[in-house]
Amino acid sequence: MSALKDKLKADLTASLKGRDEVRLRTIRMALAAVNVEEVAGKQARELSDEEIIKVLTKEAKKRREAAEAFGNAGRAEQAQAELDEQAVLEAYLPAQLSDEELGRLVDEAVAETGASGPQAMGQVMKAVNPKVAGRAEGGRVAAAVRSRLSS
């Protein structure tokens, strides 16, 4: 079993004993999402830490989008609950890149590929994505690449 999944299960037990409702429901949801991903496809398999991070990143993004939707609908209480769950999930994710770090990685990828102009965006994205792997959201990366190539 992966170290991250072990940590999730240990934290589930701790939050159950500590009666921390938000952490408890969030970790249960995260473990359920991991289990669904493990049995998806033709054959069940054990997920690696990197794959679990991808699942948790996807779940954190869902919480962020739901909070935004609830906030726009004037449902502040539900929006706050989603943000609380997102905060719990982000504790298990790698630290996000700052704008400066992301810009530096994009500049390096542009230099590596020798790309110029917006038509080379796919080429640069292909070079940048493995470097940012879970440390920056795809939309943020795409916006940084687009602004770099258009300047």
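Right, let's walk through the structure included here. Note that the structure is a prediction, hence the values are computed from the model and not measured.

1. Focus on the side chain of E38
Mapped onto the elements of the fold, E38 is located in helix α2 (residues 21-39). Residue E38 is classed as buried on the basis of its relative accessible area, which comes to 8%. Apart from the residues within four sequence positions on either side, E38 is in contact with K5, Q43, A44, R45, E46 and L47.

2. Some words on α2
For α2, built from 19 residues, the straight-helix expectation of 27 Å at 1.5 Å per residue is met to within 8% by its first-to-last C-alpha distance of 27 Å. Every buried residue of α2 is listed here: L24, T26, I27, M29, A30, L31, A33, V34 and E38. Check the buried side of α2 and you find it contacts α1 (3-18), α3 (49-72) and α4 (76-90). Where α2 ends, the next residue or the one after it, G41, has phi of about 95°, a positive value.

3. Here's the deal with the side chain of K5
Here K5 is to be found in helix α1. Polar side-chain contacts of K5 include one of 2.9 Å to the side chain of E38. Apart from the residues within four sequence positions on either side, K5 is in contact with L31, V34, N35, E38, E46 and I52.

4. Regarding the packing of α2 against α3
At their nearest, the axes of α2 and α3 sit 10 Å apart, and the two run at 125° to each other. Classified by the interaxial angle, the pair formed by α2 and α3 is oblique. Between α2 and α3 the crossing geometry is right-handed. Here M29, A30, A33, V34 and E37 of α2 come into contact with α3, specifically with I52, V55, L56, K58, E59 and R63.

5. Here we look at the environment of K54
Positionally, K54 belongs in helix α3. K54 sits in the exposed class, given a relative accessible area of 61%. In the structure, K54 is positioned 20 residues away from V34 in sequence and 9.7 Å away in space, judged by C-alpha atoms.

6. Looking at the nonpolar core
Judged by nonpolar contacts, the single largest core of 20 residues is most densely connected at L102, V124, V132, V141 and V145. At the level of secondary structure, the elements contributing two or more residues to this core comprise α5 (99-113), α6 (121-132) and α7 (138-150). Apart from the residues lying within four places of it in its own chain, the contact partners of L102 are L97, V132, A136, R140, V141 and A144. M29, V34, L47 and A60 belong to the second largest nonpolar core, which has 17 residues in total.

Reading the values: the criteria
- Residues numbered from 1 in each chain as written.
- Predicted model: local features only at pLDDT ≥ 70, side-chain atom pairs only at ≥ 80, totals over all residues.
- Heavy atoms only, no water.
- Helix = DSSP H or I, 4+ residues; strand = E, 2+ residues; numbered from the N terminus.
- Buried < 20%, exposed > 50% of the residue type's maximum accessible area, 1.4 Å probe, protein only.
- Contact = heavy atoms within 4.5 Å.
- Expected span 1.5 Å × (residues − 1).
- Polar contact = N/O pair within 3.5 Å; in protein donor to acceptor, adjacent residues only side chain to side chain.
- Axes fitted to C-alpha atoms, helices over the stretch in contact; angles between N-to-C directions.
- Parallel < 35°, antiparallel > 145°, perpendicular 65-115°, else oblique.
- Left-handed = near helix turned anticlockwise from the far one by under 90°.
- Core = buried A, V, L, I, M, F, W, Y, C linked by side-chain atoms within 4.5 Å.

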